[in-house]
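A closer look at the structure
So you can see what is in the structure, the chains are spelled out below.
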Amino acid sequence: MAVLEAPVDTTTLKDVKAVAGQVVEFEQDALRNTLVRAAGSKLSGVAESSARTVTDQINAIRQSCADFDAILERMNVVQSSVDQIDNSIGIVVSEAEGSSRELGVVSQRMEVLEEHFQAIDELVRSVNEIADQTHLLSLNATIEAARAGEAGRGFAVVASEVKELANTTKTTNQQVQETLDRIAEAVSTLSQSVEQSVAKMQQSIAAVEDARQSASAIGTETQQFSDRLQASLNNFRRLDQTSVQAENEVREIDAIGQTFTYLTELMAMCAGELQLINPLERLRPLVELSTFRAPQRFTKAEPEYVLKQDDVLISATDTKGRITFANNKFYEVAEFEPGTLVGKPHNIIRHPDMPQSAFADLWTVIASGRLWQGYVGNRSRTGRLYWVKANVFPCYEGGEIVGYLSIRTKPEPEMVRKAKEAYRLVP
């Protein structure tokens, strides 16, 4: 906060109040005209802006309906594809299960075949043993025939033939055994391959079943999402059904705004009939009689925002000066987030170089139920200065003041310069 070079004491303020009776009163009808013109101008702008905004929103709703229809159409295609995938996977699972059963039967038959080969192997071994025994008997017969001499010659021939037969049987049996061993090995390898195929087929069936369940889950989620989209679409369609009425009401607001525009133009043409008092001229007696001096007011280098011609700042307070409402332009210029000043004292934006006597005059006038106008220097949240031409009036309910409303517009540059000079001469 800036420190004034000439501190304001109680005696000084009392002196100011002593000469306050010489201050000319505001022409209330002229101020009311000024307020209505400012409010009408703002209403016209708000109505036009609202019409554009609501029209854009209605168009967005209609476009959303079209977009939802397109999305639902594509969702139906997705759902149909998921159903086809589920059916196809079902067929694959069924066929895979059939193949798995067939491989199982083959595996069982291979096991039976292995058992038969084992029986044949045992039979071959038995034949082998018989051949060995026959060979041994033929050898014994040959020995006995040799001992018998000439009488045993025929017996020796038979023994020789038996021996030859035993040798032939053993040789053939060995070949059969080797062949059976190779067949048995091939059967065993094939049996292992079949078992591995059965295991892999079962794994494939499990994987396909998982995929089928996933596809089913996707289908369920897709259906639920489609249902939610349908519900949203129904809501938007209900909004769209009321859009015609809303459009007409927006046109009505726009028409009211235009009406105020025409009224403000008419009031501007008739303004010459009412003499509006210049707020600074009104303070001339105080300035001329004051011995107060604060030459450094509004001379320090500081950033400044100059209102645009169509900037209208509106705020409302309770009877204690606490903010109850401020429009978006107010927040924008004051550099506060919208809504954050509700409940805060209105002097939160007061510039420290503003004289106390100006606000004392403001409260004296509005508390008595009259309108007030003046040039006010404010300071934003970041510390930049901005000047406004403030119009303040009391708000009545049931014949009692319940708060105050202020409408601020862009001040004339020359009036700002004169206001700075005047405010350096009053406490």
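Along each chain, residue indices are assigned from 1 in the same order as the chain's sequence is written. Only residues with pLDDT of at least 70 are given local features in this predicted model, and only at 80 or more are side-chain atom pairs given and counted; all residues enter the totals for whole chains, interfaces and linings. Values reported for side chains reflect all heavy atoms of the structure, with hydrogen atoms and water molecules removed beforehand.

Under an unreviewed UniProt entry, the name given to the protein is Methyl-accepting chemotaxis protein, and the source organism is Aeoliella straminimaris. Recorded in UniProt under Sequence similarities (unreviewed entry), the annotation for the protein is "Belongs to the methyl-accepting chemotaxis (MCP) protein family." UniProt positions are given in the numbering used here, feature names are shortened, and annotations may be inferred rather than shown by experiment.

Under the DSSP-based scheme used, a helix requires at least four consecutive residues in state H or I and a strand at least two consecutive residues in state E, with every element numbered from the N terminus. Within the protein one finds nine helices and five strands. Taken from the N to the C terminus, the helices and strands of the protein come in the order α-α-α-α-α-α-β-β-α-α-β-β-β-α. The buried share of the protein, reckoned over its 427 residues, is 33%. Counting only contacts in the protein whose residues sit at least 6 apart along the sequence, the fraction spanning at least 24 positions is 74%. In these tables, accessible area is a Shrake-Rupley quantity obtained with a 1.4 Å probe, and a residue counts as shielded only by the protein chains included in the view. By element, 55% of the accessible surface of the protein is carried by carbon and sulfur atoms, the whole surface being about 25500 Å². Categorising residues by exposure relies on relative accessible area from a 1.4 Å probe, with only protein chains included: less than 20% of the type maximum marks a residue as buried, more than 50% marks it as exposed, and the intermediate range marks it as partly exposed. Any pair of residues with heavy atoms lying within 4.5 Å of one another is described as a contacting pair.

Our next topic: helix α9 (residues 413–423). For α9, the complete set of buried residues consists of Met415, Val416, Ala419, Lys420, Ala422 and Tyr423. The buried side chains of α9 occupy one side of the element, clustering within an arc of 165° when seen end-on. In this structure, the buried side of α9 is in contact with α5 (279–282), α6 (284–289), β3 (372–379) and β4 (385–397). Directions from the helix axis toward the C-beta atoms define the arc.

With that settled, the discussion passes to the packing of aromatic side chains. In this scheme Phe, Tyr and Trp rings, the latter by its six-membered ring, pair at centre separations within 6.5 Å, and the angle between planes marks the pair as stacked below 30 degrees, edge-to-face above 60, and tilted otherwise. Following the criterion strictly, the structure yields four aromatic pairs and no others. Relative to Tyr331, the ring of Phe330 has its centre 6.1 Å away and its plane inclined at 80°; by these criteria the two rings are edge-to-face. Residue classification places Tyr331 among the buried residues on the basis of a relative accessible area of 3%. For the ring pair Trp363 and Tyr404, a centre distance of 5.4 Å and an interplane angle of 90° mean the geometry is edge-to-face. Of the two residues, Trp363 sits in helix α8 (residues 356–367) while Tyr404 sits in strand β5 (residues 400–409), which places them 41 residues apart along the sequence. Its relative accessible area of 35% is what places Trp363 among the partly exposed residues. Put simply, the rings of Phe298, Trp387 and Tyr423 pair up and form one aromatic cluster. A cation sits over an aromatic face here: Arg350 above Phe359, 3.8 Å from the ring centre. Charge-over-ring contacts are defined here by two conditions on Lys NZ or Arg CZ: a distance within 6 Å of the ring centre and an angle within 35 degrees of the ring normal.

The next subject is the pairing of β3. The buried fraction of β3 amounts to seven of the eight residues, a majority that puts the element mostly inside the structure. Whether two strands pair depends on DSSP finding at least two bridges between them. Two strands pair when backbone bridges link them, and β3 and β4 are joined in this way by eight bridges, in the antiparallel orientation. Note on β4: the bridge partner recorded for Gly374 is Ala390. In this antiparallel pair of consecutive strands, β3 and β4, the connection spans five residues, and Gly383 shows a positive phi of 100°.

Following the sequence through the fold, Pro411 ends up in the loop between β5 and α9. Residue class for Pro411 comes out buried when judged on its relative accessible area of 8%. Taking the C-alpha atoms as reference points, Pro411 and Val388, 23 residues apart in sequence, are found 5.5 Å from one another. If sequence neighbours within four positions are ignored, Pro411 has contacts with Tyr375, Trp387, Val388, Lys389 and Val416.

A few words on the pattern of salt bridges. Oppositely charged side chains can pair when the atoms bearing their charge come close. The salt bridge definition used is simple: a Lys or Arg side-chain nitrogen within 4 Å of an Asp or Glu carboxyl oxygen. Within this structure, the stated rule accounts for 10 salt bridges. With a shortest N-O distance of 2.9 Å, Arg284 and Glu281 are connected by a salt bridge. Overall, the relative accessible area of 40% leaves Arg284 in the partly exposed class. Between Arg322 and Asp318 there is a salt bridge, with its nearest N and O atoms 3.0 Å apart.

On to the pairing of β5. The pairing of strand β1 (residues 313–317) with β5 spans five bridges and is antiparallel. What sits directly across from Leu313, in β5, is Arg408. Bridge count between β4 and β5: nine bridges; the pairing is antiparallel. The partner of Cys395 across the bridge, within β5, is Gly403. Connecting the antiparallel pair β4 and β5 is a turn made up of two residues, with Gly398 showing a positive phi of about 60°.

Moving on: the sheet that holds β4. Ordered in space as β2-β1-β5-β4-β3, the five strands form an open sheet in which the pairing is antiparallel. Edge positions in the open sheet fall to β2 (323–326) and β3, since each of these has one partner strand only. In this sheet, adjacent strand axes meet at a mean angle of 30° when their direction is disregarded. Angles run from 0 to 180 degrees between N-to-C directions of axes, and those axes are lines fitted to C-alpha atoms, restricted for helices to the stretch in contact. Packed on one face of the sheet, α9 meets β3 and β4 and runs near 85° to β4.

Okay, the environment of Pro394 next. Along the polypeptide, Pro394 turns up in strand β4. Under the relative-accessibility criterion, Pro394 is labelled buried at 8%. The spatial distance from the C-alpha of Pro394 to the C-alpha of Gly369 is 5.9 Å, given a sequence separation of 25 residues. Not counting residues up to four positions away in its chain, the partners in contact with Pro394 are Ile366, Gly369, Arg370, Ile401, Gly403 and Tyr404.

Phi at Phe298 takes a positive value of approximately 55°, unusual for a residue other than glycine. Following the sequence through the fold, Phe298 ends up in the loop between α6 and β1. Judged by relative accessible area, which is 7%, Phe298 ranks as buried. Of note in the backbone geometry, Glu335 takes a positive phi value of approximately 60° without being a glycine. Inspection of the secondary structure puts Glu335 in the loop between α7 (328–334) and α8.

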